[in-house]
Amino acid sequence: KAGVTQTPRYLIKTRGQQVTLSCSPISGHRSVSWYQQTPGQGLQFLFEYFSETQRNKGNFPGRFSGRQFSNSRSEMNVSTLELGDSALYLCASSLVGSATDYGEQFFGPGTRLTVL
Amino acid sequence: GQSLEQPSEVTAVEGAIVQINCTYQTSGFYGLSWYQQHDGGAPTFLSYNALDGLEETGRFSSFLSRSDSYGYLLLQELQMKDSASYFCAGNTGFQKLVFGTGTRLLVSP
């Protein structure tokens, strides 16, 4: 079956702009998580959605937001872009929905965001 | 806070065995997972330890000791294609992973 897809793959924006990234999970997966990857900070959790509800959030400012639709597709939005937002944004989907059990997360190829 | 420390780089030759350690400080993880990431690629799942002990999956094994706040990934019969970055990650609930600092593995002929 098809893997996790993310669009766009590459994006160049300028400071102050906003951006919306999209993620389509594997069919049947209802959990979608977002991560930011940078050389300096590594992989950092942004938020997780399950059945359209945000269940968990990382330590990022309110400029970072997301949502999930009824078909499990998810979007994340970054407003008022800063140079430090340049990163690879990865989404991952999973079958597991419980609070404590862990289900293998399947990552998409990511969106490479460059802020000038 | 929650932090997971890994060696930054490990080198080995083809056919060898290598162990990548992960030590952590946290208020509590439900388990520890391992991911592999090739340059320019997405992380891919290798293993998950929900309980203390050893989990074996083919050439890869992973170990967890909660009492020691320590885990490791063991790679056997190394191949060139194993050259990649490896991350341990703690599951803090609701699919939230706190990733380690990452270890770059270089396999030489």
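Scroll up to find the structure.
Being a predicted model, the structure only gives us computed values, none of them experimental.

Asks: So what's going on with the pairing of strand β5 (residues 44-49) of chain B? Which residues, and what values?
Replies: Residues and elements named next belong to chain B. Here strand β4 (residues 31-37) pairs with β5 via five bridges, running antiparallel. Looking at β5, one finds that S33 is bridged to Y48. Between the antiparallel neighbours β4 and β5 lie six residues, among them G40 with a positive phi of about 80 degrees.

Asks: Tell me about the state of the cysteines, and name the residues and values.
Replies: Residues and elements named next belong to chain A. Applying the stated criterion across every chain yields a total of two disulfides over all chains. Here C23 pairs with C91 through a disulfide, and the sulfurs are 1.8 Å apart. Judged by the torsion about the S-S bond (70 degrees), the C23/C91 disulfide is right-handed. Here the residue C23 occupies a position in strand β3 (residues 19-24), and C91 occupies one in strand β9 (residues 87-94), the gap between them amounting to 68 residues. Of the two residues, C23 and C91, neither departs from the other in class, the shared state being buried.

Asks: Can you break down the sheet that holds strand β1 (residues 3-5) of chain B residue by residue, with the values?
Replies: Residue and element names in this part refer to chain B. Strand order in the open sheet formed by five strands is β1-β3-β8-β7-β6, and the pairing between neighbours is antiparallel. With partners counted over all chains shown, the strands left at the sheet margins are β1 and β6 (53-57), one partner each. Each neighbouring strand pair of the sheet contributes to a mean axis angle of 20 degrees, computed without reference to strand direction. Pairing of strand β7 (residues 60-65) with strand β8 (residues 70-75) involves six bridges; the strand directions are antiparallel. The partner of S65 across the bridge, within β8, is Y70.

About the thresholds
Residues numbered from 1 in each chain as written. Chains lettered and ligands numbered in written order. Predicted model: local features only at pLDDT ≥ 70, side-chain atom pairs only at ≥ 80, totals over all residues. Heavy atoms only, no water. Pairing = 2+ DSSP bridges. Helix = DSSP H or I, 4+ residues; strand = E, 2+ residues; numbered from the N terminus. Disulfide = S-S within 2.5 Å. Buried < 20%, exposed > 50% of the residue type's maximum accessible area, 1.4 Å probe, protein only. Axes fitted to C-alpha atoms, helices over the stretch in contact; angles between N-to-C directions.

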